[in-house]
Amino acid sequence: MTGRQTSDLYRRYMAADTAYRQHASNCAACTATAPGAACRDGARLYESFSTLQTRYLNQLNQK
């Protein structure tokens, strides 16, 4: 990945983190570290965050 791609991936990763944390702060089912079992929105947001985090960290380890 180029430096710009890394930067874009990082921004997407951080935006997904923010989106999940904002959701979790207003959702009775979700916590800061895991979505609630019955919360589809939380699960979707957390999955997006988790996937982007893994991609970003894997990219860092390849350097």
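First, a word on scope: everything that follows refers to the structure included in this document. (Residues numbered from 1 in each chain as written. Predicted model: local features only at pLDDT ≥ 70, side-chain atom pairs only at ≥ 80, totals over all residues. Heavy atoms only, no water.)

Some details on the overall build of the protein
Along the backbone of the protein there are 2 helices and 0 strands. With the principal axes as the frame, the protein shows a C-alpha extent of 40 × 15 × 15 Å. Considering the protein as a whole, with its 63 residues, one finds that 29% of them fall into the buried category. The contacts in the protein between residues at least 6 apart in sequence include a share of 45% that link residues at least 24 apart. For the protein, the accessible area works out to roughly 4400 Å², and carbon and sulfur atoms hold 50% of it. Of the charged side chains in the protein, 8 are positive and 4 negative, and the gap between their average positions amounts to 5 Å. (Helix = DSSP H or I, 4+ residues; strand = E, 2+ residues; numbered from the N terminus. Buried < 20%, exposed > 50% of the residue type's maximum accessible area, 1.4 Å probe, protein only. Contact = heavy atoms within 4.5 Å. Areas by Shrake-Rupley, 256 points an atom, 1.4 Å probe, with all protein chains shown as cover. Lys, Arg positive; Asp, Glu negative; His and termini not counted. Charge placed at Lys NZ, Arg CZ, Asp CG, Glu CD.)

What to know about the packing of aromatic side chains
Taken as a whole and judged by the stated rule, the model has 6 aromatic pairs. Here the aromatic cluster, defined as three or more aromatic residues joined through ring pairs, consists of Tyr-10, Tyr-13, Tyr-20, Tyr-46, Phe-49 and Tyr-56. (Phe/Tyr/Trp six-rings, centres within 6.5 Å; stacked < 30°, edge-to-face > 60°.)

Notes on the side chain of His-23
Here His-23 shows up in helix α1 (residues 3-26). A polar contact is formed between the side chain of His-23 and the backbone nitrogen of Gly-42, at a distance of 3.5 Å. Residues within four places of His-23 in sequence aside, it is in contact with Cys-30, Cys-39, Asp-41, Gly-42 and Leu-45. (Polar contact = N/O pair within 3.5 Å; in protein donor to acceptor, adjacent residues only side chain to side chain.)

As for the pattern of salt bridges
Scanning all chains against the criterion turns up 2 salt bridges. Here Arg-21 ties to Asp-17 by a salt bridge, and the two come within 2.9 Å at their closest N and O atoms. With Arg-21 and Asp-17 both in helix α1 and 4 residues apart, the pair spans about one turn of that helix. Overall, the relative accessible area of 15% leaves Asp-17 in the buried class. (Salt bridge = Lys/Arg side-chain N within 4 Å of Asp/Glu carboxyl O.)

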